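Chains, contacts and geometry: an overview
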Amino acid sequence: PVVNLDKTAPTVSFGSKSPAPNSNDWNNQHKVSIPITTSDTGGSGMATVDKSSPLIFDAEGDDQTQQVTVTDVAGNQASTSYSFTLDTTVAAPTVV
């Protein structure tokens, strides 16, 4: 009998933010999406991805983090995090 062995964890990668942030990596949109791509080079195939693509950031805040965990059919697992800053508050003008 043929035995296939997969000891390689799957991978997760992230695409470009939409819409793109400013030069300080801040975004002032009310919703930002980041596509997820998964891969399993070990050959058993992808079994589960705990987040759907794209990741959605829609709450204001600095360094928000979402983690994505992937598992292949052989049970190998990997987790990767993505952090993002979203500022939707309009700055109040200062009168001097």
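Residues numbered from 1 in each chain as written. Predicted model: local features only at pLDDT ≥ 70, side-chain atom pairs only at ≥ 80, totals over all residues. Heavy atoms only, no water.

**Notes on the confidence of the model for the protein chain**
To keep it simple, the criterion reads: Confidence scores here are pLDDT values: one per residue, from the predictor, ranging 0 to 100. Counting from the N terminus, the helices are the DSSP runs of H or I reaching at least four residues and the strands are the DSSP runs of E reaching at least two.
Put simply, the protein chain has an average pLDDT of 91, and 100% of its residues get 70 or more. Mean pLDDT across the elements of the protein chain bottoms out in strand S2 (residues 26-27) (80) and peaks in strand S5 (residues 46-49) (97).

**Description of the sheet that holds S2**
Through backbone hydrogen bonds, the strands of a sheet pair up, either in parallel or in antiparallel fashion. As a reminder, the rule being used: DSSP-based pairing: two strands are paired if at least 2 bridges between them are found.
The mixed open sheet is built from 4 strands, whose spatial order is S2-S8-S7-S5. In this open sheet, the two strands that pair with only one neighbour each are S2 and S5. The pairing of S2 with strand S8 (residues 77-86) spans 2 bridges and is parallel. Counted as the bridge partner of asparagine 27 is leucine 86 from S8.

**Some words on the nonpolar core**
Spelled out, the test is: Definition of nonpolar core: a set of buried residues of the types Ala, Val, Leu, Ile, Met, Phe, Trp, Tyr and Cys, connected through side-chain atoms within 4.5 Å. Whether a residue is buried, partly exposed or exposed follows from its accessible area with a 1.4 Å probe, protein chains only, as a fraction of its type maximum: under 20%, in between, or over 50%, in that order. Should any heavy atoms of two residues lie within 4.5 Å, those residues are counted as being in contact.
One finds Val12, Val32, Ile34, Ile36, Leu55, Phe57, Val68, Val70, Ala78, Tyr82, Phe84 and Leu86 forming the largest nonpolar core, which totals 12 residues. Among the secondary structure elements, those contributing two or more residues to this core are strand S3 (32-34), strand S6 (55-57), strand S7 (61-72) and S8. Sequence-distant contacts of isoleucine 34, defined by excluding residues within four places in its chain, comprise Phe14, Gly15, Ser16, Lys17, Pro54, Leu55, Phe57 and Tyr82.

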